[in-house]
Structures are given as C-alpha cells and as structure tokens.
Number of protein chains: 2
Amino acid sequence: PDEASRTAALNRQARLTKPTGALGRLEDIAVFMAGWQGSERPEADPVQAVVFAGNHGVTAQGVSAYPPEVTVQMVANFEAGGAAINALTAACGARLSVVALDLDRPTGDITREAAMSAEECLDALNQGAAALGADTRLLLVGEMGIGNTTPAAALCAAVLGGSAQDWVGRGTGIDDLGLSRKAVAVEAAVALHSGAATDAFETLRLLGGREIAAMAGAILAARLARVPVLLDGFIASAAILPLLRDNPRFTDHCIAAHCSAEAGHVLLLDKLGLEPLLHLGLRLGEGTGAALAVPIVRGALATHNRMATFDEAAVTDKA
Amino acid sequence: PDEASRTAALNRQARLTKPTGALGRLEDIAVFMAGWQGSERPEADPVQAVVFAGNHGVTAQGVSAYPPEVTVQMVANFEAGGAAINALTAACGARLSVVALDLDRPTGDITREAAMSAEECLDALNQGAAALGADTRLLLVGEMGIGNTTPAAALCAAVLGGSAQDWVGRGTGIDDLGLSRKAVAVEAAVALHSGAATDAFETLRLLGGREIAAMAGAILAARLARVPVLLDGFIASAAILPLLRDNPRFTDHCIAAHCSAEAGHVLLLDKLGLEPLLHLGLRLGEGTGAALAVPIVRGALATHNRMATFDEAAVTDKA
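What you see is a predicted model; the values in this text were computed from it and never measured.

**Points about the pairing of strand β3 (residues 138–144) of chain A**
Residue and element names in this part refer to chain A.
At step 1: Among the 7 residues in β3, 7 count as buried, and that is most of the element.
At step 2: By the bridge criterion, 7 bridges tie strand β1 (residues 47–53) to β3 in an arrangement that is parallel. Of the residues in β3, the one forming a bridge with A53 is M144.
At step 3: In the sheet, β3 pairs with strand β4 (residues 229–231) via 3 bridges, with the strands oriented parallel. Bridging across to β4, L139 finds its partner in V229.

Put into structure tokens, the structure is as follows:
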C-alpha cells in the first residue's frame, strides 16, 4: 500500500466533523482503501463479484446434504438471475460474473487421490486470475460447489493443524451422521496428502478444488493489481491459506466480510488474524456475505469523501 | 404484526433456492418486515431518517468533551449536507430530515432540577410523533445534543438500576476526570428524581431531554403506524426505556441496528433483549449506525422478494 495516501487519508479523518475515531471501523476501511488505491479519497466502483463453481469427487463419501447435480443447476440459476447473490449484487451495485470450471469433470476424491493434476490446478488458478476486471476497484470472490466445505476443511487441517473435528461443519445442512463421515473424509485426505502438500500449489492441487484454486488465483491477481478483496465465507478464507503459508502478509489486501455460521470459520478467521465486518449467521456461500459488506465499504468512503471538515463547517473542535 | 403475512413469508423462505436458514438473520428480518407491513413481500422504501437535536443544562457539570454550542453548529452542518449522517443517508437511499428542539433553551440541569416542564416534554414528544412521514415504511431515529449521553445514562440507571458507573461512557471522548464528573452527575440526578419518575412521561420529563423525548415520540408513533424502526445507538436505546417499562413488548417493532462503542450500550441492549445487527465500533450518534444497517434490511428484502424458488429454477432440494 501507498503510505503517503494512507497518511493523507488519516489526516483527513482527523479534520472531519466528528470526534476522531467516532466512526470506528469505517475510518479504518477508508484508510485501508486509500493505501491500496494510492489516493487520499478512494472510490469503490466498479465493484466486481465473481462466483467460481466446481464439482468434487469427495461427494462420493456422503459429505453433503445436497446431490452434486445441484452445482450445475445453481450455475443456471445464477445465469438466470434467481440466486441470492444475484439479488445481493444488484442491491449493492456490484457487477456479477460466473465462472464454471469443468463441472462435468469433478475433482478426484481427495480421500483416495489428488484433487487435480498439475495442469488442471494451474488452469483453475489462471481462470481465477483472468476473471479480475481491468478496472475493478473492489473484488468479491464467491463460490458454488456441492461438497466444497470438505476440501476447505482439509486445507485448514493440513495448513493449520488441529483435528478434522475442529474444521468440519454442517455446510448446506448435513445431519450428524453425515458430519461424522465428513470428519472421517477430512482425516483420510489429510493423512494421504499432507506430507506431499509442502507448497501453496501442491496443497491446492492435492486437497483443494477447481473453484478453490480459482478463488486463490483471483485473490492473488487482485494483490498484484493492488485491488482490495472482500473475503466471503469459510471456503474463500480457506482458499487463501496455502498462499498465506508462503507469504504471511497475504491477507493485507483482504477484509473479512463476515463470519459465517459454518463451524470452522470463527477459528479460521482467528488464525488469519482477521476481524470480520458482519456476524449475520449466513452459511450460503456464493459471495453473499461479501456482497452484504459492500455497503459498509461504501459507507466508509461516503463519509470519508463527502463529510465537511471542522473548518469548512465552522464547527468548534474539541478543546 | 400480521401473523398471516409472517407465515406466508416464512413459507416463501422455505421455497427459495438456498438451504433453509442459510441466510441467517436476513431471513428473520424479511419475516419481521412481512409481519409489520402485512405483506408476504414487504418493501423498505420510503426509508425515513430523522435527527432530533436538543441542548442540555447538565453540560454545566463538565460532562462533555465538546462545548454546547456545537449542537447548533452541527444542525447547520446537517442542513448544509456536511455531516456523517448526510453521507450515510445518501448512500443508503434514506430521506433525511432534522428537527431542532429549542436549541436556545437547554433543558434544566438534571442534577438540580427537572429536565423539562410537562408542557415542554409533551411538546417534544409531539414533535417526535409528528416527524413520522405518512408513507414511511422504515424509520431511522438519530440525535445530536452535546451532553446527551449523561441523561441517557441517567434514564438507564433510573429504569434498570445498577450504579452510575455501569451506564456512563466517554461520549464524544471525555477524559478520565470528565468521566468521573459524569458518573457523579448521573448519581445525583437519579438520587434527586428517581422517586418521582414513576411512569414513562415523568421519567422522560425529569431525567431526559427534548431530543430524547422526541425520539420516544417518533418510535411510539411508528408503533401505532406499524412501521419498523432501526434503533441507532445508546441514546436511542435509552429513549425507549421509559415506554418499555410500561409495555414490555415495546421493542417488538424495533431492530437494534448496531452496538456502539459507548460503554453502556452492550449492557443496555442485553437488558432490552435486542441482538444488534452491526458491531463496528461507532460512537457518533446522528443515526449513523441505523443508516449503516439499512442495506442489511434491503439485502434481506432483495433476497426474499427476488430469489427464485426451487421449483421456478428447477434446482433439486435437499432429500
């Protein structure tokens, strides 16, 4: 981030007609955006949301409450404008695009084999990176993929340690028996692959999924372009873990939009050192939590850019 | 609230293309709005924000970091469009109006006398009630009044008990010595008046303030008109306490927009049984927290009204 712009934004905050600090996290967000955008008065638009979709061989282990054909059905729903993310991106003024990654070819079942070949994983990363718009100023990354909380939990266990139980949750609403199968699957996958998962690429390739690798690629591309990212839920947060292991400052351009109801997300955000903006009990994915946080960023920039200073408004500042 | 509309909205939520419950509090908000509006598919617009302003004799006790002339200066800032609430209501699509209540006549110093005469208090309540627009579907109530966290804390201590220290906070940023003066002032005011403050009107009259009574009047008028209210911060929450004592269901049409950084607000929301939507460390007042929560309500209604059902989208529901 650009320190001069950060400092200029901080100085501006101190002159606006409010006690310094009285806008809480809005002030932090305005200064954060100023730094990444290299401007004392940053703008959010265009806001871009991308939903990446992938299918998962591990669904064979009975880890999801929904059948895998729902992934392709929901992609059609996104394209027809009928999903939650369509309503929420329309409401917050974000452009939405959907990238479906080889839905007719699920990843390998991670309890038995690698999720992807090197070629497949690289392709997914590249598709993710290519999705970032040239003029995007704020990126939202979401996902759809029946079964994908299982590889996400496996990534957490492999990178951060802990037991499978720490990281598995009910996803779309699996019952107790399914939750046990999920923990067993995560344990088996980590036991099989974690020895070989020694760098970011291999970790994503062995334990991840196409939409997970694509999210990582998009968030990496955003970093290179200095575009801030509103991280969505558990899967988006897990997608950056392999990259974060290689570069502990990889979350610097990310804001955690929300803490989801998926069981592992609280712990994951804590390990990432991220304080989520919203706690609304969401557990849908698609980028819905990120879209709901866009108006908070807009509010931060509206106050930062539009408020009068004490001098301009002839208001007496604190003694 | 209209139970038939609530039930219809609940049934609609169960058919939308998402696991039931996956939108967390958004689902609750949609059903809440449906009940109060008497419609399966409620709308938020017009959203109305009103900022009430008043001055306080208790500032003579050195309880604020800012001098009392800032109240009238900030009203001019609201009218010129330069304050935080102007930026935030513009960003969230709310109509803003400002009602300044006799700023040249501060209330009585509550440590020594009644805040208002019966006539003054009634006038403030009526001005509050009159501010509700005829077509408003969602009301935001905010305030400006140098010194007003002191009467708000006194209302909390008088109605809910506890010590002055439980309820006083730093307001606009008072130092440690000022905070001690504030606790002493609250203790003195409660000792002087709480015996006589036996009903809602007398409590508001003796310990409140003009803008506090006006907020109570506006929120009461909203209840009679079945208009939901987004409660702002500590002062808005304290304003409804006297009415709540007479009718324990008085918060039923209120959503707590946020938990502010003002020390007593966490405890007050807990006593009110309200779970705030946002935790952003705000401590500005003006209705800023309520305005930031409007997009959450809009998101709730956008998903509720616009999403496709499982049947419409031909998506397979959970087995």
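**Let's talk about the sheet that holds strand β2 (residues 94–100) of chain B**
Residues and elements named next belong to chain B.
At step 1: An order of β2-β1-β3-β4-β5 is seen for the 5 strands of this open sheet, with the pairing classed as parallel. The sheet is open, and its two borders are formed by β2 and β5 (254–256), each paired with just one other strand. Averaged over all pairs of adjacent strands, the angle between their axes in this sheet comes to 25°, without regard to strand direction.
At step 2: Each of β1 (47–53), β3 (138–144), β4 (229–231) and β5 is contacted by helix α10 (residues 210–224), which is oriented at about 175° to β3, the strand it contacts most.

**A closer look at the domain arrangement of chain A**
All names here are of chain A.
At step 1: If you check the domain split of chain A, you get domain 1 (3–41 + 304–313) and domain 2 (47–296).
At step 2: Put simply, the middle of domain 1 and the middle of domain 2, counted by C-alpha atoms, are 33 Å apart.
At step 3: The partner domain 2 presents 13 residues to the 7 residues of domain 1 that form the contact.
At step 4: Buried area between domain 1 and domain 2, summed over both chains or domains, comes out near 940 Å², and the portion from carbon and sulfur atoms is 71%.
At step 5: A per-residue breakdown of the area domain 1 buries against domain 2 is headed by R25, F32 and W36, which together make up 63% of the total.
At step 6: Our enumeration of links across domain 1 and domain 2 arrives at 0 salt bridges.
At step 7: Connecting domain 1 to domain 2 are 3 residue pairs in polar contact (both at pLDDT 80 or more).
At step 8: In terms of residue class, the side of domain 1 that touches domain 2 is built from 5 nonpolar, 1 polar and 1 charged.

**Quick look at the relation of the copies chain B and chain A**
At step 1: By a simple turn and slide, chain B fits onto chain A: the slide is 0.0 Å along the axis, the RMSD is 0.0 Å, and the turn is 180°. Read as a symmetry element, the transformation amounts to a two-fold axis.

**Description of the interface of chain B and chain A**
At step 1: Listed by partner, the interface residues are 51 residues for chain B and 51 residues for chain A.
At step 2: The junction of chain B with chain A conceals about 4,100 Å² of combined surface from both sides, 66% of it contributed by carbon and sulfur atoms.
At step 3: The largest share of the area that chain B buries against chain A comes from Y66(B), L280(B) and K318(B), three residues that together contribute 14% of it.
At step 4: On inspection of chain B and its partner chain A, the count reaches 0 salt bridges.
At step 5: Contributions of two or more residues to the side of chain B that touches chain A are made by α2 (25–37), α3 (69–80), α4 (84–92), α14 (288–306) and α15 (310–313) of chain B.
At step 6: Looking at the side of chain B that touches chain A, the element that brings in the most residues is α14(B), giving 7 residues.

**Considerations on the layout of surface pockets**
At step 1: Empty space within the largest pocket amounts to approximately 340 Å³.
At step 2: Taken together, the elements giving at least two residues each to the lining of the largest pocket come down to α2 and β5 of chain B.
At step 3: For the lining of the largest pocket, the element with the highest residue contribution is α2(B), accounting for 7 residues.
At step 4: Each residue belonging to the lining of the largest pocket can be placed in one class, and the counts come to 9 nonpolar, 3 polar and 6 charged.
At step 5: Three or more residues apiece are contributed to the lining of the largest pocket by two domains, here domain 1 (3–41 + 304–313) and domain 2 (47–295) of chain B.
At step 6: Together, 18 residues line the second largest pocket, and A91(A), C92(A), P295(A), A91(B) and P295(B) are the ones closest to its centre.
At step 7: Taken together, the elements giving at least two residues each to the lining of the second largest pocket come down to α4 (84–92) and α14 (288–306) of chain A together with α4 and α14 of chain B.
At step 8: Taken together, the residues of the lining of the second largest pocket break down into 12 nonpolar, 4 polar and 2 charged.

About the criteria used
Residues numbered from 1 in each chain as written. Chains lettered and ligands numbered in written order. Predicted model: local features only at pLDDT ≥ 70, side-chain atom pairs only at ≥ 80, totals over all residues. Heavy atoms only, no water. Buried < 20%, exposed > 50% of the residue type's maximum accessible area, 1.4 Å probe, protein only. Helix = DSSP H or I, 4+ residues; strand = E, 2+ residues; numbered from the N terminus. Pairing = 2+ DSSP bridges. Axes fitted to C-alpha atoms, helices over the stretch in contact; angles between N-to-C directions. Contact = heavy atoms within 4.5 Å. Domains from an automatic or database assignment. Buried area = accessible area lost by both parts, 1.4 Å probe. Salt bridge = Lys/Arg side-chain N within 4 Å of Asp/Glu carboxyl O. Polar contact = N/O pair within 3.5 Å; in protein donor to acceptor, adjacent residues only side chain to side chain. Nonpolar A, V, L, I, M, F, W, Y, C, P; charged D, E, K, R; others polar. Least-squares fit on C-alpha atoms with pLDDT ≥ 70 in both. 1 Å grid on protein atoms, 1.4 Å probe; cavity = no way out; pocket = protein on both sides within 12 Å on 5 of 7 lines; lining within 4 Å. Points joined across faces, edges and corners; volume = space filled by probe spheres on them.

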